[in-house]
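What the coordinates show
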Amino acid sequence: MSETTLKPVMKTQSHPMMTPSGDEQFLNPIERVVDDIARFSTRIRELNSLVAGLKHELQQHYEQGAFEENQKFGDLRVFRVKKTGSYEYPEEVVEKINQLKRKAELDHKLEPKKIEYWVVR
């Protein structure tokens, strides 16, 4: 999927994506970077929606007996993955967990998780 041709990025010791001063010509213009991120993100959402619809259709075929689990279609194998989700706790357990969390917060025994990432909308 080569919708854009990106210029190589020079890497330095200080930060893997920064260029040494004077070498900005190796970076793509910021407007293009932001535009590409937004465009590709939109396309990814569209494709994920299509895949979800096709998986729903696959489930319908399975329920109608059109194929069996772990069946091959050419070079592709279709199988169902089963994962155990998170637990569903009874209300009294949830309340106890919340009490412990509040106490730890009040006693300053918690460090908030620090998460950083770029958002382009």
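This text gives an overview of the structure that appears in the document. Note that this is a predicted model, so its numbers are computed, not measured.

1. Looking at the packing of aromatic side chains
The full count for this structure, using the stated rule, is three aromatic pairs. A ring pair is formed by F67 and F73, whose centres lie 5.9 Å apart and whose planes are at 75°; its orientation type is edge-to-face. Looking at F67, the relative accessible area reads 10%, which means it is buried. Grouping aromatic residues by their ring pairs yields a cluster made of Y62, F67 and F73. Here the guanidinium or amino end of R39 rests over the ring plane of F40, the centre of that ring lying 4.9 Å away.

2. Examining the environment of A104
If you trace the backbone, A104 turns up in helix α2 (residues 91–106). Residue class for A104 comes out buried when judged on its relative accessible area of 16%. Residues in contact with A104, not counting those within four places in the same chain, are K109 and L110.

Cut-offs and rules
- Residues numbered from 1 in each chain as written.
- Predicted model: local features only at pLDDT ≥ 70, side-chain atom pairs only at ≥ 80, totals over all residues.
- Heavy atoms only, no water.
- Phe/Tyr/Trp six-rings, centres within 6.5 Å; stacked < 30°, edge-to-face > 60°.
- Buried < 20%, exposed > 50% of the residue type's maximum accessible area, 1.4 Å probe, protein only.
- Lys NZ or Arg CZ within 6 Å of the ring centre and 35° of its normal.
- Helix = DSSP H or I, 4+ residues; strand = E, 2+ residues; numbered from the N terminus.
- Contact = heavy atoms within 4.5 Å.

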